[in-house]
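Structural features, examined
For reference, the chains in residue letters:
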Amino acid sequence: MHLGSQPELHPTLVEERILASVPQVRACLVVSARLRGRVQTDVLLDLQPGVDPDDDHESAVRAALTESEAATLRRVFVLGADRDEPEGGLDHHRALIREQQIAEMAGARLPGVGPGADPVPVPAERLPVEFAGDGAGSAGLAWGQHEIWQSMTRQGNWLPLGGWRPLDPGTGVEEVADELAYLHSRFPSMRTLLHVDADGALRQELSASGSTHLEVYDADPGPEAADRLAGAVSDHYQRLPYDLRTEWPVRMAVVRQGGEATRMAVVMHHLALDGGGAEIMMRDVAVRASTPPAGLQQLEQARWQSSPAGRRHSDRALRHFAEILRAMPTPTFPPSGDPRRPRYWSAEFVSPALRPALAALGERTGADPARVLHAVYAIALAHVTGVHPVLFRPVIGNRFRQQLADVVCHTAQAGVVLLDVADGTVEDVIERAGPAAMNAFKHGYFDPVQLNALIEEIGRERGAELDVASFFNDRRGTPTATPSTTPTNPAAATATSTTTADDYAKARTASEFRWVERRNDPVERLFLHVDDSPETVTLTIEADTRALSPSQIEAVVREMEEVAVAAAIQPGLSTRITAG
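Here we look at the confidence of the model for the protein
- Model confidence for the protein is summarised by a mean pLDDT of 91, while 94% of its residues fall at 70 or above.
- A low-confidence stretch, residues 478-490 stays under pLDDT 50, and its non-local contacts, those more than four residues away or across chains, total 28 contacts.

A closer look at the sheet that holds strand β13 (residues 260-268)
- Across the sheet, which stays open at both edges, the five strands sit in the order β5-β10-β12-β13-β7 with mixed pairing between neighbours. Edge positions in the sheet fall to β5 (125-132) and β7 (161-166), since each of these pairs with one other strand and no more. Strand-to-strand twist in this sheet, taken as the mean axis angle between neighbours without regard to direction, amounts to 20°.
- Two elements, strand β12 (residues 250-257) and β13, share eight bridges in a ladder whose sense is antiparallel. Paired with V250 across the bridge in β13 is M268.
- Contacting β5, β7, β10 (209-218), β12 and β13, helix α6 (residues 173-186) crosses the sheet at an angle of about 40° to β5.
- Lying on the sheet, helix α7 (residues 223-239) is in contact with β7, β10, β12 and β13; it crosses β13 at an angle near 20°.

Describing the side chain of E561
- Counting through the fold element by element, E561 comes out in helix α16 (residues 550-569).
- E561 sits in the buried class, given a relative accessible area of 3%.
- What E561 contacts, discounting residues up to four positions off in sequence, is F349, S351, A353, L354, R508 and S511.

Examining unusual backbone geometry
- Residues R341 and P342 are joined by a peptide bond in cis, for which omega reads 0°.
- Looking at the secondary structure, you find P342 in the loop between α10 (308-327) and β14 (344-351).
- The peptide bond linking H388 to P389 adopts the cis configuration, its omega dihedral lying at 0°.
- The topology assignment puts P389 in the loop between α12 (369-385) and β15 (390-396).

Thoughts on the packing of aromatic side chains
- With the rule as written, the count across this model stands at 14 aromatic pairs.
- Plain terms: the ring middles of W158 and Y242 are 4.7 Å apart, the flat faces sit at 75° to each other, and that makes the pair edge-to-face. In this pair, W158 sits in the loop between α5 (143-155) and β7 while Y242 sits in strand β11 (residues 242-243), placing the two residues 84 residues apart along the sequence.
- With relative accessibility at 0%, the residue W158 sits in the buried group.
- Aromatic pair Y377 and F472: ring centres 4.9 Å apart, planes at 40°, arrangement tilted. With Y377 in helix α12 and F472 in strand β18 (residues 470-474), this pair connects stretches of sequence that are 95 residues apart.
- Assessed through its relative accessible area of 1%, F472 is described here as buried.
- Connected via pairs of aromatic rings, a cluster forms that spans W143, W304 and Y445.
- Positioned above the aromatic ring of Y182 is the side chain of R288, whose terminal nitrogen or guanidinium carbon lies 5.1 Å from the ring centre.
- One cation-aromatic arrangement involves R518 over W345; the distance from NZ or CZ to the ring centre is 3.9 Å.

Describing a positive patch on the surface
- A contiguous patch of positive charge on the surface is contributed by R312, R316, R319 and K442.
- Broken down by element, the residue count for the positive patch peaks at three residues, all from α10.
- Counting through the fold element by element, K442 comes out in helix α13 (residues 426-442).
- Using a relative accessible area of 55% as the deciding quantity, one classes K442 as exposed.

As for empty space enclosed by the protein
- Within the structure shown, the criterion is met by three cavities of 30 Å³ or more.
- Reported here for the largest cavity is a volume of approximately 100 Å³.
- Lining the largest cavity are 14 residues, and of these Q145, S189, T192, H269 and L271 sit closest to its centre.
- Looking at the lining of the largest cavity, the element that brings in the most residues is strand β8 (residues 192-196), giving three residues.
- Tallied by class, the residues present in the lining of the largest cavity amount to eight nonpolar, six polar and no charged.
- In this model, the second largest cavity occupies a volume close to 80 Å³.
- What lines the second largest cavity is M328, P329, T332, F333, L381, T385, V387, P389, V390, L391 and S470.
- Of all the secondary structure elements, the ones that give two or more residues to the lining of the second largest cavity are α12 and β15.
- Grouping the amino acids of the lining of the second largest cavity by side-chain chemistry returns eight nonpolar, three polar and no charged.

Calculation rules
- Per chain, residues are indexed from 1 in the order of the written sequence.
- Restriction of local features to residues with pLDDT of at least 70 applies here, the model being predicted, together with a cutoff of 80 or more for giving and counting side-chain atom pairs; totals for whole chains, interfaces and linings are based on all residues.
- The basis for every side-chain value is the complete set of non-hydrogen atoms in the structure, without hydrogens or water.
- Residue-level confidence of the predictor is what pLDDT reports, using numbers from 0 through 100.
- In this description, contact between two residues means that some pair of their heavy atoms is separated by no more than 4.5 Å.
- When DSSP finds at least two bridges between two strands, those strands are taken to pair.
- Comment: elements are numbered from the N terminus, with helices defined as DSSP H or I runs of at least four residues and strands as E runs of at least two.
- Fitting a line to C-alpha atoms yields each axis, with helices limited to the stretch in contact; the angle taken between N-to-C directions then spans 0 to 180 degrees.
- Summary of the burial criterion: residues with accessible area below 20% of their type's maximum are buried, those above 50% are exposed, and those between are partly exposed, where the area comes from a 1.4 Å probe applied to protein chains only.
- Stacked, tilted and edge-to-face are the three classes applied to pairs of Phe, Tyr and Trp rings, where Trp contributes its six-membered ring and a pair requires centres within 6.5 Å; stacked means planes under 30 degrees apart, edge-to-face means over 60, and tilted covers the rest.
- Put simply, a charge is over a ring when the Lys NZ or the Arg CZ is close to the ring centre, within 6 Å, and near the line of the ring normal, within 35 degrees.
- Like charges are joined within 9 Å and nonpolar side chains (Val, Leu, Ile, Met, Phe, Trp, Tyr) within 5 Å, but only among residues with over 30% relative accessible area and no salt bridge; these make up the patches.
- For every accessible area listed, the method is Shrake-Rupley and the probe measures 1.4 Å; residues are considered covered only by the protein chains on display.
- By definition, a salt bridge exists where a carboxyl oxygen of Asp or Glu is found within 4 Å of a side-chain nitrogen of Lys or Arg.
- The sign given to each residue is positive for Lys and Arg and negative for Asp and Glu; His and the chain ends receive no count.
- To locate a charge, take NZ of a lysine, CZ of an arginine, CG of an aspartate or CD of a glutamate.
- Definitions used for this entry: grid spacing 1 Å over protein atoms alone; cavity, a set of points where a 1.4 Å probe fits but cannot get out; pocket, an open set with protein on both sides within 12 Å along at least 5 of 7 lines; lining residue, one with an atom within 4 Å of a point.
- Grid points are joined across faces, edges and corners, and a volume is the space filled by probe spheres set on the points.
- Each residue receives one of three labels: charged for Asp, Glu, Lys and Arg, nonpolar for Ala, Val, Leu, Ile, Met, Phe, Trp, Tyr, Cys and Pro, and polar for the others, Gly being one of them.

Here it is in structure tokens:
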């Protein structure tokens, strides 16, 4: 695949230089291509026996590059750690690996979420499934698709959605095959493949018909055996690389016992749908909806977005972003002082106290849950980083837009919030968060390629690197402080009752923090996900340890609990942050 000239870098010469100057490497492959107007380079390393793959090999590689070469570097892969390749296989399969890597750099072929499962589950059979649906054609990516595709290529995997679940007793394998055919037939996003032009430009190709297969796995008797096998199949699906040019967006399997389907595994890539789309899909599948899907499907979206009306809409959003980019502080994250290898760490914090505290603040101020959470998060982040006003990018589903409300595709995009947290009380920041959140929602539908260009343009104007890779994903329903069952801690009582400082203190003793994963594959600089249950709020935080040290990562989520609880107990609590 030819993707254009690469005048800034000569791969063969760079390979020779890396081998000469980095003794822990026994073989390497440098892949460079001009994509989307920029030269991008990946370096794949095959390490000497006994070398720790989690050491900082990227720094050694960068030291072997010139400044202009290093500026093109996208990722450094360690074969067998960051990328699942057979040991010693690089030299024997250079041409194939190079072709695959260029496809990955273009976003067409992406690794899974980790090394492949061992052993790989083997299906007993693969049932052919034919499908046909309305519509066919080709278009560029819609805005929401393009944004998640950028995340997929930045993070180096196809961001799988799905898992496994038990099936109702008496379910036949053919019933599941019918469901798979229904998914492909009803939803255009399930009949769409990616096409990569010679210059690296992406197009989506919608087919009117096609064929796929349902994998069938036989498990030993008993629910435990079925659970283990379903989990293994789901893990295998999520870890297996995805070629978006040739594979339909859904992988589906059943676990069979005694002739019945007892478990189902379903995994889809994120380019095909977001969380809102998944909910609509499950709703339609449950009732086997037969009326035509509502709203603008992805080809129609892409065409409208390229129209004069669509360009004007995006231009309005970009003018709002430009104001924020010119006002945001730099750097967004000062160097952490404690970078680690593996570089990217994630953790989970479960707080019984945070949920009623947020509800109490909402009750007092009359603010909606999103505004309260934005304020608490921004104050906590400013305490930890020392940087304010605080910039973060809330994930916006865009389902409140009528033409996108019932569409099964990826429409979510990340808006931009710049929130002033200085010289005031927590209530003041909650009030300021209202217009900031409203503007983020209002301007959360835009061309992400335009935003990328705008960030670079204003960065050059300011003579600074504008880091906006700080994301915030509120996945809660409508939070209330009233649990569905009798609470097991006093602080989970209703927000209108008297919750004392002792109640909150007791609830906080039950808060749990745990590290989930440490990985070389990148996540964003900072990504916070928020989920709730009847009695807790769960914060899942992922971060680059070059931006936030491990202690700072933990401090962010614990400080959110501290700020919310302290403000719930004490009206008029100062943010303890001063301007300047």
